[in-house]
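One letter stands for each residue in the lines below.
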Amino acid sequence: MGNQYPHREPLRTQFASDNYSGICPEAWTALENANRGHSRGYGEDYWTASVSNRIREIFEIQCEVFFVFNGTAANSLSLASMCQSYHSILCHEFAHIERDECGAPEFFSNGTKVLLLPGDNGKINPTAIESEVLRRTDIHYPKPKAVSVTQATEFGTVYSVEELHVIQEMTRRHHLKFHMDGARFANAVAALGVPPKEITWKCGVDVLCFGGTKNGLGVGDAVIFFNHDLAHEFEYRCKQAGQLASKMRFLSAPWHGLLQDDVWLRHADHANRMAALLETEFLHIPEIKILFPRQANSVFAELPTPLIQDLYGKGWIFYSFIGKGGCRFMCSWDTTEADIQSLVTDLKSLIQKNPPAHS
Ligand SMILES: *Cc1c(COP(=O)(O)O)cnc(C)c1O
């Protein structure tokens, strides 16, 4: 009996995004275990309850946990739980909720406006929060209601505990809710080496969108409410938005694999270390300039434009969307040292064959 599907070479390890990677073995095993027999639907199952408890253990607090299909839904629905339509959300100008969610935060909150703040290295400058709040306090302006930070940031940097406390102070002073986009939360925890509570509820974070996909799941993000009031009727929001999985255990069980024995932190730490290795290699190549401090699992670097084209020609996939020559190289839980060497070898041979005109 022949295989009805044509054989396809798997794509080699790429550096475009950590969502190019597959499902990690631990999540895969948990998924298989959840696939034995019947279970209750819509999150009434053993796996969902058990993983939610594990999350409470990890964060060392009683929190409300919901599973949705992706980060856009997690961010948008949790922000909608904080804001009325006449409110505004303050975030960094490069935030995913502003640039990469197709207006979903505005859509799901029925029109809450996203207001953009500046800040170096992808991090909000905390004084900008205050100036934005105080700039207009009249009824004609969309009232600032929430601050959203991304941890780790869109530029691969990480907010320190101290920096988060400064933002907390701003939110306290101006009665703002505190939202954290943690699509790469694991990488931030691994980079900082602190207990998860130190960069979430102990800094006043009301809601964390804890991303699992980039850490080794196939699908599914957790929305974690440290502020219980905001979780009120959140399940209805999820259902209405088409985010209530009927066979919920297949969203939640893989988390079990990730969260046991600190697997999530090992994967994140590995990805971070691979990025550190790539950064070290880049630092030895004079044609390449590092753009942001490398703290998590990505390296942002400026490459001569012809070199970018040559690398694409060699079949490498990475983003080069950051202005002219700015490239992003993202490492995953399964990136190996050999993958890094393979990219660097191609880079070096291309430079040797075709040295850039300018130094
Ligand atoms: C990947 C990512 C998300 C989630 O994106 P989805 O494609 O909706 O899962 C959210 N925030 C940031 C910063 C991300 O990188």
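See above for the structure.
Residues numbered from 1 in each chain as written. Predicted model: local features only at pLDDT ≥ 70, side-chain atom pairs only at ≥ 80, totals over all residues. Heavy atoms only, no water.

Engineer: Honestly, the overall build of the protein chain in this entry has me stumped. Any pointers?
Structural biologist: Counting its regular elements, the protein chain contains 13 helices and eleven strands. Classification of the 359 residues of the protein chain by burial places 52% in the buried group. Counted over contacts in the protein chain with a minimum sequence separation of 6, partners at least 24 positions apart contribute 75%. Looking at the protein chain as shown, the accessible area adds up to about 16900 Å², and 51% of this sits on carbon and sulfur atoms. (Helix = DSSP H or I, 4+ residues; strand = E, 2+ residues; numbered from the N terminus. Buried < 20%, exposed > 50% of the residue type's maximum accessible area, 1.4 Å probe, protein only. Contact = heavy atoms within 4.5 Å. Areas by Shrake-Rupley, 256 points an atom, 1.4 Å probe, with all protein chains shown as cover.)

Engineer: In this structure, what is going on with a nonpolar patch on the surface? I would like to understand it.
Structural biologist: Nonpolar side chains collect at one region of the surface, where Leu11, Tyr20, Tyr319 and Phe321 lie side by side and expose about 420 Å² of accessible area between them. If you trace the backbone, Leu11 turns up in the segment before helix 1 (25–34). (Patch = residues over 30% accessible without salt bridge, like charges linked within 9 Å, V, L, I, M, F, W, Y side chains within 5 Å. Salt bridge = Lys/Arg side-chain N within 4 Å of Asp/Glu carboxyl O.)

Engineer: It is not clear to me how the site of the ligand should be interpreted in this structure. Could you clarify?
Structural biologist: Near the ligand the following residues occur: Asn70, Gly71, Thr72, Asn75, His96, Glu101, Thr150, Glu154, Asp181, Ala183, Arg184 and Lys214. A distance of 2.9 Å is found between an oxygen atom of the ligand and a backbone nitrogen or oxygen belonging to Gly71. At 3.4 Å from a nitrogen atom of the ligand is found a side-chain nitrogen or oxygen belonging to His96. In isolation the ligand has 390 Å² of accessible area, and contact with the protein removes 79% of it. In the shell around the ligand, the residues fall into one nonpolar, six polar and five charged. (Near = heavy atom within 4 Å. Polar contact = N/O pair within 3.5 Å; in protein donor to acceptor, adjacent residues only side chain to side chain. Nonpolar A, V, L, I, M, F, W, Y, C, P; charged D, E, K, R; others polar.)

Engineer: Please explain the pattern of salt bridges as it appears in this structure.
Structural biologist: Think of it this way: side chains of opposite charge can pair up when their charged atoms draw near. Scanning the entire structure with this criterion turns up 14 salt bridges. Put simply, Glu163 and Lys123 hold a salt bridge, and the shortest N to O gap is 3.0 Å. Pair noted here: Glu163 is in helix 7 (residues 161–173) and Lys123 is in the loop between strand 3 (113–117) and helix 6 (126–135), with a separation of 40 residues, a long-range link. Given a relative accessible area of 14%, Lys123 falls into the buried group. Across the pair Glu169 and Arg173 runs a salt bridge, and its minimum N-O distance is 3.5 Å. Of this pair, Glu169 and Arg173 both sit in helix 7, separated by four residues, roughly a single helical turn. Look at Arg173 and you get partly exposed, because its relative accessible area is 42%.

Engineer: Looking at this structure, I do not really get the state of the cysteines. What am I missing?
Structural biologist: Note on terminology: a disulfide is the covalent bond linking the sulfur atoms of two cysteines. Evaluation of the coordinates by the stated rule reveals zero disulfides. For the unlinked cysteine Cys83, the closest cysteine sulfur is that of Cys91, found at 11 Å. (Disulfide = S-S within 2.5 Å.)

Engineer: Mind showing me how you'd approach unusual backbone geometry here?
Structural biologist: Glycine aside, the phi torsion of most residues is negative, and most peptide linkages are trans. Going from Gln151 to Ala152, the amide bond is cis rather than trans, its omega being -10 degrees. Its place among the elements puts Ala152 in the loop between strand 4 (143–150) and helix 7. The backbone of Cys102 sits at a positive phi, close to 55 degrees, despite the residue not being glycine. In this fold, Cys102 is placed in the loop between helix 4 (96–99) and helix 5 (104–108). With phi around 55 degrees, His175 is a residue other than glycine that occupies positive phi space. Here His175 lies in the loop between helix 7 and strand 5 (177–182). On the basis of relative accessibility, which here comes to 63%, the residue His175 falls in the exposed class.

Engineer: Where do I start with the nonpolar core in this structure?
Structural biologist: Nonpolar side chains in soluble globular proteins tend to be buried together. In this structure, Ile55, Ile129 and Phe210 are the most contacted members of the largest nonpolar core, which totals 50 residues. Counting residues domain by domain, this core receives three or more from each of domain 1 (24–262) and domain 2 (264–353). Each residue touching Ile55, except ones within four places of it in the same chain, is listed here: Cys63, Val65, Phe67, Ala222, Ile224 and Leu259. (Core = buried A, V, L, I, M, F, W, Y, C linked by side-chain atoms within 4.5 Å. Domains from an automatic or database assignment.)

Engineer: Before we go on, may I ask you to explain the sheet that holds strand 10 (residues 319–322) in this structure?
Structural biologist: Hydrogen bonds between backbone groups are what pair the strands of a sheet, and the pairing can be parallel or antiparallel. Strand order in the open sheet made by the four strands is 8-9-11-10, with antiparallel pairing throughout. The open sheet has two edge strands, strand 8 (289–290) and strand 10, and neither has a second partner. (Pairing = 2+ DSSP bridges.)

Engineer: Just checking my understanding: could you explain helix 7 for this structure?
Structural biologist: Because each turn of an α-helix spans 3.6 residues, side chains separated by three or four positions end up pointing in the same direction. A rise of 1.5 Å per residue sets the reference length of helix 7, with its 13 residues, at 18 Å; its end C-alpha atoms lie 18 Å apart and thus fit the reference within 8%. Every buried residue of helix 7 is listed here: Val161, Leu164, Ile167, Met170 and Thr171. Of the residues flanking the end of helix 7, it is His175, one or two places downstream, whose phi is positive at about 55 degrees. (Expected span 1.5 Å × (residues − 1).)

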